[in-house]
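# Reading the structure
Each chain is listed here by its residues.
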Amino acid sequence: MTEQSISCPRCGHTNTSDSRFCNKCGNPLVADAAVAAVPPSQSAGAKAIISLILGILSIFMLGFLAGIPAMILAKHEEDEIRRGRSPVAGEMLAKLGFWLGLIGTVLSGLTILLIVFFIFFGLSFPFIFSCAL
Ligand SMILES: [Zn+2]
């Protein structure tokens, strides 16, 4: 028999060369390597890490200036992970970056509202007061 065979990269089972999936474990065989996802043992992607850093910065000092890019980057990275283009290891970081960015953005938004509120009432209070007299 001259028939070639492909051994499964996962379980080592020997399959005929025309099989696309392992007969034993169902793992896609080497022919599909071009479509294969990023190896699962990789560390988190750069975008996931950057979004986490931006999320932290947004909470501690930059507010929405870092929070909004953190959320955009995190969503983008989650998308890439779902499509298998970015390492799954970054999923938690991206999620964390998103929530930190959201919290930072909301906090800075509230702070700005509060400042505007106080400026408004700080300026108008004497006026209201004089009218009441
Ligand atoms: Zn197999």
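Residues numbered from 1 in each chain as written. Predicted model: local features only at pLDDT ≥ 70, side-chain atom pairs only at ≥ 80, totals over all residues.

Moving on: the overall build of the protein. Looking only at helices and strands, the protein has three helices and two strands in total. Ordered by position from N to C terminus, the α and β elements of the protein give β-β-α-α-α. Nonlocal contacts in the protein, meaning residues at least 24 apart in sequence, comprise 53% of its contacts between residues at least 6 apart. (Helix = DSSP H or I, 4+ residues; strand = E, 2+ residues; numbered from the N terminus. Contact = placed C-beta atoms within 7 Å.)

Another point: helix α1 (residues 46-62). The end-to-end C-alpha distance of α1 is 21 Å, clearly below the 24 Å that 17 residues give at a rise of 1.5 Å each. Residues Lys47, Ala48, Ser51, Leu52, Leu54, Gly55, Ser58 and Ile59 constitute the buried set of α1. (Expected span 1.5 Å × (residues − 1). Buried ≥ 20, exposed ≤ 12 C-beta atoms within 10 Å, placed from the backbone.)

This next bit is on the nonpolar core. Judged by nonpolar contacts, the single largest core of 13 residues is most densely connected at Ala70, Ala74, Ala94 and Phe98. Of all the elements in the fold, those that place two or more residues in this core are α1, α2 (64-82) and α3 (91-132). Looking at this core element by element, the count peaks at five residues for α2. The residues touching Ala74, leaving out its near neighbours within four places in the chain, are Ser51, Ala94, Lys95, Gly97, Phe98 and Gly101. (Core = buried A, V, L, I, M, F, W, Y, C linked by C-beta atoms within 7 Å.)

Here Gly67 shows up in helix α2. Sequence-wise, Gly67 and Trp99 are 32 residues apart; in three dimensions their C-alpha atoms are separated by 8.9 Å. Once residues lying within four places of it in the same chain are set aside, the contact partners of Gly67 are Ser58, Gly101, Leu102, Gly104, Thr105 and Ser108.

Our next topic: α2. Helix length check: α2, at 19 residues, gives a terminal C-alpha distance of 26 Å against a target of 27 Å (1.5 Å per residue), a fit within 8%. Buried within α2 we find Phe64, Ala66, Gly67, Ala70, Met71, Leu73, Ala74, Glu77, Glu78 and Ile81. After α2 finishes, the residue Gly84 shows a positive phi value of roughly 80°.

Position of Asp18 among the secondary structure elements: in the loop between β2 (14-16) and α1. Counting along the chain gives 13 residues from Asp18 to Ser5, while the straight-line C-alpha distance between them is 8.2 Å.

So, about the packing of α1 against α2. It is at 8 Å that the axes of α1 and α2 come closest, and there the two elements cross at 155°. Between α1 and α2, the angle falls in the class roughly antiparallel. The interaxial crossing formed by α1 with α2 has left-handed handedness. Between α1 and α2, the residues in contact are Lys47, Ala48, Ile50, Ser51, Leu54, Gly55, Leu57, Ser58 and Leu62 and Phe64, Leu65, Ala66, Gly67, Pro69, Ala70, Leu73, Ala74, His76 and Glu77, respectively. Residues belonging to the contact of α1 with α2 are distributed by class as follows: 12 nonpolar, five polar and two charged. (Axes fitted to C-alpha atoms, helices over the stretch in contact; angles between N-to-C directions. Parallel < 35°, antiparallel > 145°, perpendicular 65-115°, else oblique. Left-handed = near helix turned anticlockwise from the far one by under 90°. Nonpolar A, V, L, I, M, F, W, Y, C, P; charged D, E, K, R; others polar.)

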